[in-house]
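Structural characterization, general
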Amino acid sequence: MERIAAMPCICCKLRNLVQEKPPNVHHIREDAEARNDFLTLPLCKLCHQGPRGVHGDKGWLRMLKMSEWGLLAKVIEELEQG
């Protein structure tokens, strides 16, 4: 999770925006699945908890035509590139 917390917001990066503040770490959960620290996304406060964020109406995800799992794939790509 330290590496995730050190990354810029993946949602803003895909929208070509720059977030200067450190991101929140969002845990992807399916139904009542237990929290898994490997299934995490770096998201700024707006993309995480804002009205269009993943805990809001998910407007940014719809705009990007992605799910949280798609964002996770992008995060993994970023981590592999170093």
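Here goes a summary of the coordinates provided. Just so you know, these numbers come straight off a predicted model, no measurement behind them.

The rules behind the values
- Residues numbered from 1 in each chain as written.
- Predicted model: local features only at pLDDT ≥ 70, side-chain atom pairs only at ≥ 80, totals over all residues.
- Heavy atoms only, no water.
- Buried < 20%, exposed > 50% of the residue type's maximum accessible area, 1.4 Å probe, protein only.
- Helix = DSSP H or I, 4+ residues; strand = E, 2+ residues; numbered from the N terminus.
- Expected span 1.5 Å × (residues − 1).
- Arc of directions from axis to C-beta.
- Contact = heavy atoms within 4.5 Å.
- Polar contact = N/O pair within 3.5 Å; in protein donor to acceptor, adjacent residues only side chain to side chain.
- Phe/Tyr/Trp six-rings, centres within 6.5 Å; stacked < 30°, edge-to-face > 60°.
- Lys NZ or Arg CZ within 6 Å of the ring centre and 35° of its normal.

Section: unusual backbone geometry
At Asn 16, a position not held by glycine, the phi torsion is positive, near 60°. In this structure Asn 16 comes out as exposed when scored by relative accessible area, which is 70%. The backbone of Lys 65 sits at a positive phi, close to 55°, despite the residue not being glycine. Examined against the element boundaries, Lys 65 turns out to sit in the loop between helix 4 (59–64) and helix 5 (68–81).

Re helix 5
When the terminal C-alpha atoms of helix 5 are compared, their 20 Å separation across 14 residues agrees well with the 20 Å that a helix rising 1.5 Å per residue should span. Among the residues of helix 5, those classed as buried are Glu 68, Leu 71, Leu 72 and Val 75. Summarising the axial view, the buried residues of helix 5 lie within an arc of 105°, below the 170-degree limit, and thus occupy one face. In helix 5, the exposed residues that point more than 90 degrees away from the buried face are Glu 80 and Gln 81. Against the buried residues of helix 5 lie helix 1 (2–5), helix 2 (10–14), strand 1 (24–27), strand 2 (40–43) and helix 4. Residue Ser 67 occupies the N-cap position of helix 5, its side-chain oxygen lying 3.2 Å from the main-chain nitrogen of Trp 69. Of the residues flanking the end of helix 5, it is Gly 82, one or two places downstream, whose phi is positive at about 95°.

Considerations on the packing of aromatic side chains
Following the criterion strictly, the structure yields zero aromatic pairs and no others. A cation over an aromatic ring shows up here: Arg 15 above the ring of Trp 60, its NZ or CZ 3.8 Å from the ring centre. Directly above the ring of Trp 60 sits Arg 52, whose terminal nitrogen or CZ lies 4.8 Å from the centroid.

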